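If you want the building blocks of each chain, they are given just below.
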Amino acid sequence: TLNTPEDAWGLVSHYLGNYLLVCVWYGDKSDEGRRNIKEDGKEKCERVVFDEHTKLVGAFHLMVRNLNKHGHADEAAKVQQLLDMIIEQDVTDPAVAKAIHAKHKELDSGVTKFEEALKQARAERAPQA
């Protein structure tokens, strides 16, 4: 029941923070990733990446569709840019994930507002010398 851009951007943050993270972790080519393959098996790692990538594509497609349906074509176009990156690039590559997150930050003003609020809260709670 996605009706507003705020709903969509909240879901974008959720999906990127969960599904994309799993794709990177299970597709990791570093020593840590090789440990995952050794422990879980190459086929399982590939299946997990495929499943999570499919969830990402499906969720983003539905967000674009629902935003358009509810008259938010401008926001749908922004989410579509992220979807295109998710479809066209290797989501197991940490550099690609970083680029997707950077694009998200660029497109969603809520991310910057959240980071500013978090920075302010941390500053307020920092020990006073």
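Details of the structure are given in the entry above.
Starting afresh in each chain, residues are numbered from 1 along the sequence in its written order. Given that the model is predicted, a residue must reach a pLDDT of at least 70 before its local features are reported, and side-chain atom pairs must reach 80 or more before they are shown or counted; all residues, however, enter totals for whole chains, interfaces and linings. Note that the side-chain values use all heavy atoms of the structure and ignore hydrogens as well as water.

Visitor: Any chance you could explain the environment of Gly27 here in plain terms?
Guide: Every helix listed is a DSSP run of H or I at least four residues long, and every strand listed is a run of E at least two residues long, numbered separately from the N terminus. The residue Gly27 is located in helix 1 (residues 5-27) in this model. Along the backbone, Gly27 and Thr92 are 65 residues apart, and their C-alpha atoms lie at a distance of 4.7 Å. Discounting residues that sit within four places of it in the chain, Gly27 has contacts with Val49 and Thr92. Any two residues whose heavy atoms approach within 4.5 Å are treated as being in contact.

Visitor: Mind showing me how you'd approach the packing of aromatic side chains here?
Guide: The geometry of two aromatic rings is summed up by the distance between their centres and the angle between their planes. Stacked, tilted and edge-to-face are the three classes assigned to paired rings of Phe, Tyr and Trp, where Trp is represented by its six-membered ring and a pair needs centres within 6.5 Å; plane angles under 30 degrees give stacked, over 60 edge-to-face, the rest tilted. Here the structure, examined in full by the defined rule, presents two aromatic pairs. Ring geometry for Trp25 and Tyr26: centres 4.9 Å apart, planes at 80°, overall edge-to-face. Three exposure classes are used, based on accessible area relative to the maximum for each residue type with a 1.4 Å probe and protein chains only: buried under 20%, partly exposed in between, and exposed over 50%. Given a relative accessible area of 37%, Trp25 falls into the partly exposed group.

Visitor: Got a minute to help me understand the side chain of Glu52 in this structure?
Guide: Locating Glu52 in the fold gives a position in helix 3 (residues 42-69). Residue Glu52 is classed as buried on the basis of its relative accessible area of 11%. Setting aside residues up to four positions removed in sequence, Glu52 forms contacts with Tyr19, Val22 and Cys23.

Visitor: How do you make sense of the environment of Glu115 when you look at a structure like this?
Guide: The residue Glu115 is located in helix 6 (residues 109-125) in this model. With relative accessibility at 35%, the residue Glu115 sits in the partly exposed group. Once the C-alpha coordinates of Glu115 and Lys105 are considered, the two residues, 10 residues apart in sequence, prove to be 9.9 Å apart.

Visitor: Please clarify how the packing of helix 1 against helix 4 (residues 73-88) should be interpreted in this entry.
Guide: A pair of packed helices is characterised by two quantities: the angle between their axes and the separation of those axes. Where helix 1 contacts helix 4, the two axes come as close as 10 Å, and the packing angle between them is 15°. By the criterion of interaxial angle, the relationship of helix 1 to helix 4 is roughly parallel. For the crossing formed where helix 1 meets helix 4, the hand is left-handed. Side by side, helix 1 and helix 4 meet where Pro5, Trp9, Val12 and Leu16 of the first sit next to Glu75, Lys78, Val79, Leu82 and Ile86 of the second. The classification used treats Ala, Val, Leu, Ile, Met, Phe, Trp, Tyr, Cys and Pro as nonpolar, Asp, Glu, Lys and Arg as charged, and all other residues, Gly among them, as polar. For the contact of helix 1 with helix 4, a count of residues per class yields seven nonpolar, no polar and two charged. The convention used is that axes are lines fitted to C-alpha atoms, helices contributing only their stretch in contact, and that angles between N-to-C directions extend from 0 to 180 degrees. Any angle between 65 and 115 degrees counts as roughly perpendicular, while under 35 counts as roughly parallel, over 145 as roughly antiparallel, and the rest as oblique. For a crossing to be left-handed, the near helix must be turned anticlockwise from the far one by less than a right angle; the clockwise case is right-handed.

Visitor: Is there a simple way to explain the pattern of salt bridges in this structure?
Guide: When charged atoms on two side chains of opposite charge get close, those side chains can pair. When a carboxyl oxygen of Asp or Glu lies within 4 Å of a side-chain nitrogen of Lys or Arg, that pair is called a salt bridge. One pass over the full model with this rule turns up four salt bridges. The residue Glu52 makes a salt bridge to Lys55 at a minimum N-O spacing of 3.1 Å. Here Glu52 and its partner Lys55 are both found in helix 3, three residues apart, which amounts to about one turn of the helix. Residue Lys105 is joined to Glu115 by a salt bridge in which the shortest nitrogen-to-oxygen separation is 2.9 Å. Of the two residues, Lys105 is situated in helix 5 (residues 94-107) and Glu115 in helix 6; the sequence distance between them amounts to 10 residues.

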